[in-house]
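A closer look at the structure
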Amino acid sequence: MHKFYIPTTGVQSWRSLLADPVKHWKAGYSAKALAECWETAQGFPEEIAELFKGTDLAGAEFLLGIPEHKVPLPGGSRESQNDLFVLGKVGNELFSMAVEGKVNEPFGPTLGEWFVNASHGKVTRLKYLKQNIGLLGHIDSSIRYQLIHRTASAVIEAKRFCASKAVMIVHSFSQESLWFDDYAAFVDLYGKPAVLGKLVKACDVEGVELYFGWAKGEQRFLG
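So, here is what we can say about the structure in this document. Quantities reported herein were computed from a predicted structural model and do not represent experimental measurements.

Structurally, the position occupied by Pro106 is in the loop between β3 (93–102) and α4 (111–115). For Pro106, a relative accessible area of 42% translates into the label partly exposed. With 73 residues separating them along the chain, Pro106 and Trp179 place their C-alpha atoms 6.3 Å apart.

Within the secondary structure layout, Ser13 lies in helix α1 (residues 11–15). A distance of 2.9 Å separates the side chain of Ser13 from the backbone nitrogen of Thr9, its partner in a polar contact.

Before going further, it helps to spend a moment on the pattern of salt bridges. Evaluated as defined, the whole model comprises 12 salt bridges. Notably, a salt bridge pairs Lys165 with Glu93, separated by 2.8 Å at the nearest N-O pair. Of this pair, Lys165 sits in strand β4 (residues 165–172) while Glu93 sits in strand β3, placing them 72 residues apart in sequence. Classification of Glu93 by relative accessible area gives partly exposed; the value is 37%.

We now examine the packing of helix α5 (residues 120–133) against helix α6 (residues 145–160). Two elements in contact, α5 and α6, have axes whose closest approach is 8 Å; the angle formed by their N-to-C orientations is 60°. For the pair α5 and α6, the sense of crossing is left-handed. The segment α5 lies against α6, with Arg125, Tyr128, Leu129, Asn132 and Ile133 engaging Tyr145, Ile148, His149, Thr151, Ala152, Val155, Ile156 and Lys159. Residues of the contact of α5 with α6, tallied by class, amount to 8 nonpolar, 3 polar and 2 charged.

Here Glu61 is to be found in strand β1 (residues 61–71). As for Glu61 and Phe44, which are separated by 17 residues in sequence, their C-alpha atoms are 8.3 Å apart. Beyond its immediate sequence surroundings of up to four residues, Glu61 is in contact with Phe44, Gly88 and Lys89.

All told, the structure shown has 16 aromatic pairs when counted by the stated rule. Pairing Tyr183 with Trp214 gives two aromatic rings, centres 5.4 Å apart and planes at 55°, and the pair type is tilted. You can see Tyr183 sitting in helix α7 (residues 180–187) and its partner Trp214 sitting in strand β6 (residues 208–216), a full 31 residues away along the chain. Exposure remark for Tyr183: the relative accessible area of 0% places this residue in the buried category.

What counts as what
Residues numbered from 1 in each chain as written. Predicted model: local features only at pLDDT ≥ 70, side-chain atom pairs only at ≥ 80, totals over all residues. Heavy atoms only, no water. Helix = DSSP H or I, 4+ residues; strand = E, 2+ residues; numbered from the N terminus. Buried < 20%, exposed > 50% of the residue type's maximum accessible area, 1.4 Å probe, protein only. Polar contact = N/O pair within 3.5 Å; in protein donor to acceptor, adjacent residues only side chain to side chain. Salt bridge = Lys/Arg side-chain N within 4 Å of Asp/Glu carboxyl O. Axes fitted to C-alpha atoms, helices over the stretch in contact; angles between N-to-C directions. Left-handed = near helix turned anticlockwise from the far one by under 90°. Contact = heavy atoms within 4.5 Å. Nonpolar A, V, L, I, M, F, W, Y, C, P; charged D, E, K, R; others polar. Phe/Tyr/Trp six-rings, centres within 6.5 Å; stacked < 30°, edge-to-face > 60°.

In structure tokens form, the structure reads like this:
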């Protein structure tokens with residue numbers, strides 16, 4: 001994990017951090033839409049601030065954001081690469097937030113697909129992830145693996161920064177809210193209903209309060 005970060009100079013700074021700056025940077029796709037939205041806001045976009053209203057995160061202050069932030073995980077060399085990591089503050093408490101940008105792109109393989117013929121490394125990784133998301137029991141194989149490790153990223157970084165809260169946000173620019181059902185199925189593991197535009201408090205993970213939210217981004221960022 002890198003220890004030093006250079007401030008962005010605009011959306012092109014985000015592009016340079018992508019695994020494939022050519023393939024993954026197109027109008028109408030999540031990487032570009034997310035970068036343009038958050039760079040325009042220079043803080044929390046309106047739909048994210050709206051998500052916080054009436055919750056424990058109401059009036060939250062944006063401290064810093066790190067695009068394409070990598071969080072190391074055991075059991076292999078591949079990290080969880082967050083589209084955006086945010087460190088925020090509400091009152092005198094810090095919170096960690098992992099943001100997953102979406103348009104039409106699905107959440108990737110299911111847990112069952114990712115875990116097929118699992119190596120020892122994958123067994124180790126899954127155990128670690130389950131501990132960090134507060135789900136130690138069986139997780140249905142139909143759940144999307146990306147939602148599991150993205151949520152774990154938020155909790156892991158909350159612990160690292162001594163933050164009291166961890167938030168996993170899907171910031172979707174799909175005007176039809178594609179793949180919301182996958183997100184809802186994941187949140188349902190905590191016995192909570194997923195609602196568009198609403199923040200859900202899921203559970204307490206080793207002293208860290210865990211939240212989920214789905215925010216709908218503005219269509220203008222798809223152009």
